[in-house]
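One-letter residues, chain by chain:
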Amino acid sequence: TKSGSAIADNPLDWRFVNESVPDKLRSLHEEEGYMLVVFSNQSNLESSDHVENIVLKKYFRQKIADVAKSLGDLPLIMMFSLKQQSNYHKPETGMWNKVDEFLKSHKFCSQSIDLQKSFYCGDAAGRDFVNVKSENYVSGIEPFRPRERDHSDSDLKFAKSVFGTATHQFFFAAEQYFSVPVV
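Predicted model, so just to flag it, every value in this text is computed and none were measured.

Some remarks on the overall build of the protein chain
Next, step 1: Within the protein chain, the regular secondary structure consists of five helices and four strands.
Next, step 2: Within the span of the protein chain, comprising 183 residues, buried residues form 36% of the whole.
Next, step 3: In the protein chain, the share of contacts with a sequence separation of at least 24, taken over all contacts with a separation of at least 6, comes to 65%.
Next, step 4: Counting every atom, the protein chain has about 11000 Å² of accessible surface; 52% of that belongs to carbon and sulfur.

Quick look at the structure:
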């Protein structure tokens, strides 16, 4: 986020991990043939207050529109889990399975996701930057952020659930994949 918080508190509080992200995503799609899919847990959009719920969802829709606009005509599939206790909420694989079902049934694709040619990139790797050898430490993922720890380990566990492993071949921390310099 622009504010440095783990969770954005308004629709303008977002940023790419660095300015190379749009070009790198475009290259993945256009030059390497990747299908780009965003999987995101958004349980913070569910509030017990009806008015707050409406405002949170409005902010979120605006943020997604801004992200899509900043990527231009780059084709994306975006999947969001709003309920924490569901098989769609990472690290569960429900969102992945839905995308796979969609691609198998889509007239332009009609094939399964090739796991050997796929990878997952996320910022919730369970890294403890004070104690880099925490239980969720993945070899090759260095501590890039000037904070004590990641907000979650759901992306790392999601990669483990989908690929059966979270090795360097299948999982990248966002800072690592988009080459953010160590601070």
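Additional details are given in the paragraphs that follow.
A word on a nonpolar patch on the surface
Next, step 1: Side chains of Val51, Val55 and Tyr59 sit close together on the surface and give an oily, nonpolar patch of about 250 Å² of accessible area.
Next, step 2: Looking at the secondary structure, you find valine 55 in helix 2 (residues 50-70).
Next, step 3: Here valine 55 falls in the partly exposed class, since its relative accessible area comes to 35%.

Here's the deal with the nonpolar core
Next, step 1: Within the largest apolar cluster, 15 residues are counted, with the highest numbers of intra-cluster contacts made by Phe39, Trp96, Tyr120, Phe158, Phe163 and Phe171.
Next, step 2: Put simply, the parts of the chain that give this core at least two residues each are helix 3 (94-105) and helix 4 (154-163).
Next, step 3: Counting residues per element, this core draws most heavily on helix 4, at five residues.
Next, step 4: Among all residues touching tryptophan 96, those that are not within four sequence positions of it are Phe39, Ile113, Leu115, Ser118, Phe158, Val162 and Phe163.
Next, step 5: In this structure, Leu28, Val67, Leu74 and Phe178 belong to the second largest nonpolar core, which totals eleven residues.

So, the pattern of salt bridges
Next, step 1: Throughout the structure, instances matching the rule amount to eight salt bridges.
Next, step 2: Aspartate 73 is paired through a salt bridge with arginine 26; the nearest N and O atoms lie 3.3 Å apart. In this pair, aspartate 73 sits in the loop between helix 2 and strand 2 (77-81) while arginine 26 sits in helix 1 (residues 21-30), placing the two residues 47 residues apart along the sequence.
Next, step 3: For arginine 26, a relative accessible area of 24% gives the class partly exposed.
Next, step 4: Residue aspartate 153 is joined to lysine 157 by a salt bridge in which the shortest nitrogen-to-oxygen separation is 3.2 Å.
Next, step 5: Three or more residues joined by partner-sharing salt bridges are found here, namely Arg26, Glu30 and Asp73.

What counts, and where the lines are drawn
Residues numbered from 1 in each chain as written. Predicted model: local features only at pLDDT ≥ 70, side-chain atom pairs only at ≥ 80, totals over all residues. Heavy atoms only, no water. Helix = DSSP H or I, 4+ residues; strand = E, 2+ residues; numbered from the N terminus. Buried < 20%, exposed > 50% of the residue type's maximum accessible area, 1.4 Å probe, protein only. Contact = heavy atoms within 4.5 Å. Areas by Shrake-Rupley, 256 points an atom, 1.4 Å probe, with all protein chains shown as cover. Patch = residues over 30% accessible without salt bridge, like charges linked within 9 Å, V, L, I, M, F, W, Y side chains within 5 Å. Salt bridge = Lys/Arg side-chain N within 4 Å of Asp/Glu carboxyl O. Core = buried A, V, L, I, M, F, W, Y, C linked by side-chain atoms within 4.5 Å.

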